[in-house]
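Summary of the model geometry
Single-letter residue listing:
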Amino acid sequence: AQSVTQPDIHITVSEGASLELRCNYSYGATPYLFWYVQSPGQGLQLLLKYFSGDTLVQGIKGFEAEFKRSQSSFNLRKPSVHWSDAAEYFCAVVPYNTNAGKSTFGDGTTLTVKP
Amino acid sequence: EPEVTQTPSHQVTQMGQEVILRCVPISNHLYFYWYRQILGQKVEFLVSFYNNEISEKSEIFDDQFSVERPDGSNFTLKIRSTKLEDSAMYFCAGRAGGPTDTQYFGPGTRLTVL
């Protein structure tokens, strides 16, 4: 069955430390891959996306993600976390070659940043 | 930068009442979506809409739900007879072109059914 998995429900890091949020997918063909951030009470903001080409993609706010086909993963990273990065992070996929283009989201990872 | 807007930001209704959630997508967008997020849970797809018809819907989107783009600018989600379990944040989204285009999400409408 097609699925998106974010194994970590909650992650706590210290400000200035590095961050990696995991995302795995299970689809017949590599889907289009996205990371969104949601601050409390807010909508979803796109951080970055991957369709093809360079497997390391750069996004906004200093985030990057690496696509690894062999591991069916698309992990989000940031070298140095800021207190303002505390939020909910969602990995999402859009199936390849579909016009409807609906997004399927993972369960999300809540990031807490310690001072 | 253009934004997707949604009204109201918060709607409180009694069980069994009809509600209409409104969205104004970005003007050049052609594909439209509704998603919902029950408190503390993930975002779930409800329906996609293109060329004035539903292109895909989830099992959540039953006969109690309908969507409409009545005037070429607004995109609405109607729930005919609300249930307690319809309480959630509802997000509208749109994109201009194919599935590689970015989906832009609105800020959401929080629906509370009492």
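Now for a quick tour of the structure. (Residues numbered from 1 in each chain as written. Chains lettered and ligands numbered in written order. Predicted model: local features only at pLDDT ≥ 70, side-chain atom pairs only at ≥ 80, totals over all residues. Heavy atoms only, no water.)

Time to look at the overall build of chain B. Looking only at helices and strands, chain B features zero helices and 11 strands. When the helices and strands of chain B are read in sequence order from the N terminus, they spell out β-β-β-β-β-β-β-β-β-β-β. Here the C-alpha radius of gyration of chain B, 13 Å, is about what a compact globule of 114 residues would show, namely 13 Å. Considering only C-alpha atoms, chain B reaches an extent of 40 × 25 × 25 Å along its principal axes. A burial count over chain B gives 46% of its 114 residues as buried. Put simply, chain B shows about 5,600 Å² of open surface, and 46% of that area lies on carbon and sulfur atoms. Between the centroid of the 10 positive side chains of chain B and the centroid of its 14 negative side chains there is a distance of 3 Å. (Helix = DSSP H or I, 4+ residues; strand = E, 2+ residues; numbered from the N terminus. Rg over C-alpha atoms; globule rule 2.2 N^0.38 Å. Buried < 20%, exposed > 50% of the residue type's maximum accessible area, 1.4 Å probe, protein only. Areas by Shrake-Rupley, 256 points an atom, 1.4 Å probe, with all protein chains shown as cover. Lys, Arg positive; Asp, Glu negative; His and termini not counted. Charge placed at Lys NZ, Arg CZ, Asp CG, Glu CD.)

Tallying secondary structure elements over chain A gives zero helices and 12 strands in all. When the helices and strands of chain A are listed from N to C terminus, the series reads β-β-β-β-β-β-β-β-β-β-β-β. In terms of C-alpha radius of gyration, chain A reaches 14 Å, essentially the compact-globule figure of 13 Å for 115 residues. Seen through its principal axes, chain A has C-alpha atoms that stretch 45 × 30 × 20 Å. Taken across its 115 residues, chain A has 46% of its residues classed as buried.

This paragraph deals with the interface of chain B and chain A. Listed per partner, the contact involves 22 residues of chain B and 22 residues of chain A. Together chain B and chain A conceal approximately 1,800 Å² of surface at their shared face, both sides included; 55% is due to carbon and sulfur atoms. Where chain B meets chain A, there are two salt bridges. Of the charged contacts in the structure, one is a salt bridge between B:Lys42 and A:Asp107, with a shortest N-O distance of 3.7 Å. The interface formed by chain B and chain A holds seven residue pairs in polar contact (both at pLDDT 80 or more) in total. Looking at the side of chain B that touches chain A, the elements with two or more residues in it are strand 4 (31-37), strand 5 (43-50), strand 6 (53-57) and strand 9 (88-95) of chain B. The biggest single contributor to the side of chain B that touches chain A is strand 4 of chain B, with four residues. Along the lines of polarity and charge, the residues of the side of chain B that touches chain A split into 10 nonpolar, eight polar and four charged. (Contact = heavy atoms within 4.5 Å. Buried area = accessible area lost by both parts, 1.4 Å probe. Salt bridge = Lys/Arg side-chain N within 4 Å of Asp/Glu carboxyl O. Polar contact = N/O pair within 3.5 Å; in protein donor to acceptor, adjacent residues only side chain to side chain. Nonpolar A, V, L, I, M, F, W, Y, C, P; charged D, E, K, R; others polar.)

With that settled, consider the pairing of strand 6 of chain B. On any regular strand, side chains alternate: one points to one face of the sheet, the next to the other face. Taken together, the four bridges between strand 5 of chain B and strand 6 of chain B define a ladder with antiparallel strand orientation. Bridge pairing in strand 6 of chain B places B:Tyr50 opposite B:Glu53. (Pairing = 2+ DSSP bridges.)

In this section: the pattern of salt bridges. On inspection of all chains with the given rule, the structure shows seven salt bridges over all chains. Across the pair A:Lys102 and B:Glu56 runs a salt bridge, and its minimum N-O distance is 3.1 Å. Of this pair, A:Lys102 sits in the loop between strand 10 (87-94) and strand 11 (104-105) while B:Glu56 sits in strand 6, which puts the two residues in different chains. What makes A:Lys102 partly exposed here is its relative accessible area of 23%. A relative accessible area of 25% places B:Glu56 in the partly exposed class.

The next thing to look at is the layout of surface pockets. For the largest pocket, the calculated volume is near 520 Å³. Around the largest pocket, the lining comprises 21 residues; the ones closest to its centre are A:Leu44, A:Gln45, B:Glu3, B:Tyr104 and B:Phe105. When residues of the lining of the largest pocket are traced back to their parent elements, those giving at least two are strand 5 (32-38) and strand 6 (45-50) of chain A together with strand 10 (104-105) of chain B. Considering every element that reaches the lining of the largest pocket, the biggest residue donor is strand 5 of chain A, with three residues. Of the residues contributing to the lining of the largest pocket, the split by class is 10 nonpolar, eight polar and three charged. (1 Å grid on protein atoms, 1.4 Å probe; cavity = no way out; pocket = protein on both sides within 12 Å on 5 of 7 lines; lining within 4 Å. Points joined across faces, edges and corners; volume = space filled by probe spheres on them.)

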